Amino acid sequence: MTGARQIWTRARHALASAVLVTVVACSAGPSPANLGAVTESPGATKHLTIGSAGFTESDLLAQMYALLLGEAGYRTRIQSVPSREIYEPALESGRIDVVPEYAAAFADWLNAKVNGPGAGTVGSPDLAKTMAALRKLATPRGLTVLDAGKAADQYAFAVSASFARELGLTTLSDLGKTKLPVRLAADEECVQRPDCAPGLKKTYGIDITAVDPLGVGTTPAKQAVQSGRDQMLLTTTTDATLDDFGLVPLADDKHLQNADYIVPVVNRAGAGGEGVTRALGRLNTALTTADLARLNEQVDSHGRPPKDVARKYLESKKLLPESGG
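All of the points below concern the structure found in this document. These numbers come from a predicted model, not from an experiment. Per chain, residue numbering runs from 1 following the sequence as it is written. Where local features are concerned, this predicted model is filtered to residues with pLDDT of at least 70; where side-chain atom pairs are given and counted, the filter is 80 or more; whole-chain, interface and lining totals use all residues. Values shown for side chains rest on all heavy atoms present in the structure; no hydrogens or waters enter the calculation.

As for the nonpolar core
Here, the term nonpolar core denotes a set of buried Ala, Val, Leu, Ile, Met, Phe, Trp, Tyr and Cys residues that are joined through side-chain atoms within 4.5 Å. Think of it in three bands: residues with accessible area under 20% of the maximum for their type are buried, residues over 50% are exposed, and the middle band is partly exposed, with areas taken using a 1.4 Å probe on protein chains only. Membership of the largest hydrophobic core comes to 57 residues, with the highest contact counts inside it found for Met64, Leu283, Leu287 and Leu314. Listed in part, the 23 residues of the second largest apolar core include Ala164, Leu175, Ile206 and Leu256.

Structural data, given as structure tokens:
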């Protein structure tokens, strides 16, 4: 679902089943006294559990990880655990071996876990700085953050194509220069979040007169902009349905959004070996933000199973031999 990843990133989910309760009970991770003393050598068993956060994009990434690792000789299973509060301790303890994550969001989440909810943010629009901060937080917890690829799932802002043509808009800076009042369809948090309404005003000079609380990239939000009720909506860079509503994204030319590039995070002791790093690193040569948007669309709009979509994509990029099915 469009915007599901960002909503999930900031939400707190209740336990959904007895399976999740079991994961919590068995996933203590390193004690505070032992943080900084996680010294296991990098390794990898041949049986790896891959975590998925339970929404389309995470399911697709988990399936791609499983297929690439399977091709490299590992036996894998996918565990759907739709909450960082549950799967991150499981990752530390080795109950889960690999999880697809988002660099800036995970860095900020770990920072709050380690230093308290008032610790602020360590993610930034600079990918190198974000990765350095993330690895500094993850390494003492027995986690290894592999390299980021080209794909990112970040917030994005879109307007109607006719509105953009009429005013010659291609970037958020262009919109700010018009000095026009803008009603924004977004989630309720946008009113206070630095990367949303306040950031649009501070960074781009956009006059956000109201936030219409219709959610992130939802159909009602898109319809509100399509109809002219609102002038802009908050969505994501992997939203492949904007064309269906006659909408176009405006480029974040001053880099308001943080570097939420996709990164595999692994348990160092169980999946930190070169074989896992090499297998998952192959995806970095191919997967782009636009690719991910199209894959999400195939699942969400056309109802195709994530495993089938993932396999066909990897085959098309010559990362897997064609199955012939």
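Some details on the pattern of salt bridges
Within this document, salt bridges are pairs made up of a side-chain nitrogen of Lys or Arg and a carboxyl oxygen of Asp or Glu, the two lying within 4 Å of each other. Here the structure, examined in full by the defined rule, presents 16 salt bridges. Salt-bridge contacts for Glu92 lead to Arg141; the nearest nitrogen and oxygen are separated by 2.5 Å. Of the two residues, Glu92 sits in helix H4 (residues 84–93) while Arg141 sits in the loop between helix H6 (127–138) and strand S4 (143–145), which places them 49 residues apart along the sequence. On the basis of relative accessible area, Arg141 is assigned to the buried category, the value being 8%. The shortest N-O distance in the salt bridge between Lys222 and Asp239 comes to 2.8 Å. Taken as a pair, Lys222 in helix H10 (residues 219–227) and Asp239 in the loop between strand S8 (232–236) and strand S9 (247–250) lie far apart in primary sequence, 17 residues in all. When sorted by exposure, Lys222 lands in the same class as Asp239, which is buried. Among the charged side chains, a salt-bridge network with shared partners connects Glu88, Glu92, Lys113 and Arg141. Helix and strand definitions here come from DSSP, where helices need a minimum of 4 consecutive H or I residues and strands a minimum of 2 consecutive E residues; each element is numbered from the N-terminal end.

Quick word on unusual backbone geometry
In this structure, His255 is a non-glycine residue whose phi angle is positive, near 60 degrees. Along the chain, His255 falls in the loop between S9 and strand S10 (262–267). A relative accessible area of 54% places His255 in the exposed class. Residue Lys318 is not a glycine yet carries a positive backbone phi of 60 degrees. Relative to the helices and strands, Lys318 resides in the segment after helix H14 (306–316). The class of Lys318 is exposed, set by a relative accessible area of 62%.

Observations concerning the sheet that holds S9
Paired strands, as defined in this entry, are two strands with at least two bridges between them according to DSSP. Taken in spatial order, the 5 strands line up as S7-S6-S8-S5-S9 in an open sheet, and their pairing is mixed. One side of each edge strand has no neighbouring strand; the edge strands of this open sheet are strand S7 (207–213) and S9. Direction aside, the axes of adjacent strands within the sheet are offset by 40 degrees on average. Contacting strand S5 (155–160), strand S6 (181–186), S7 and S8, helix H9 (residues 197–204) crosses the sheet at an angle of about 165 degrees to S7. As a rule, the C-alpha atoms of each element are fitted with a line to give its axis, helices using only the stretch in contact, and angles between N-to-C directions run from 0 to 180 degrees. The contact criterion used throughout is that any non-hydrogen atoms of two residues lie within 4.5 Å.

Observations regarding the packing of helix H3 (residues 56–71) against helix H12 (residues 274–281)
The contact between H3 and H12 brings their axes to 9 Å, and the two run at 125 degrees. Considering their axes alone, H3 and H12 lie oblique with respect to each other. For the pair H3 and H12, the sense of crossing is right-handed. Across from Tyr65, Leu68 and Leu69 in H3, the residues of H12 making contact are Val276, Ala279 and Leu280. Each angle receives one of four descriptions, namely roughly parallel if under 35 degrees, roughly antiparallel if over 145, roughly perpendicular if within 65 to 115, and oblique otherwise. The crossing is said to be left-handed when, going from far helix to near helix, the turn is anticlockwise and less than a right angle, and right-handed when the turn is clockwise.

Let's talk about the side chain of Glu101
Inspection of the secondary structure assignment puts Glu101 in strand S3 (residues 98–102). Look at Glu101 and you get buried, because its relative accessible area is 1%. A distance of 2.3 Å separates polar atoms of two side chains, one belonging to Glu101 and the other to Tyr87. Under this definition, polar contacts are N or O atom pairs within 3.5 Å; protein pairs additionally need one hydrogen-donor-capable and one acceptor-capable atom, and for neighbouring residues in sequence, both atoms have to be side-chain atoms.

Focus: the state of the cysteines
In this description, a disulfide is simply a cysteine sulfur pair whose atoms lie within 2.5 Å. Tallying each qualifying case throughout the model produces 1 disulfide. The disulfide partner of Cys190 is Cys196, and the gap between their sulfur atoms is 1.9 Å. Its S-S torsion of about -85 degrees marks the bond between Cys190 and Cys196 as left-handed, since a negative value means left-handed. Cys190 sits in the buried class, given a relative accessible area of 0%. With a relative accessible area of 0%, Cys196 lands in the buried category.

Quick notes on the environment of Pro249
Checked against the element boundaries, Pro249 lands in strand S9. Exposure remark for Pro249: the relative accessible area of 48% places this residue in the partly exposed category. Between the C-alpha atom of Pro249 and that of Phe157, which follows or precedes it by 92 residues, the distance is 5.6 Å. Every residue in contact with Pro249, bar those within four places of it in the chain, is listed here: Phe157, Ala158, Thr170 and Leu242.

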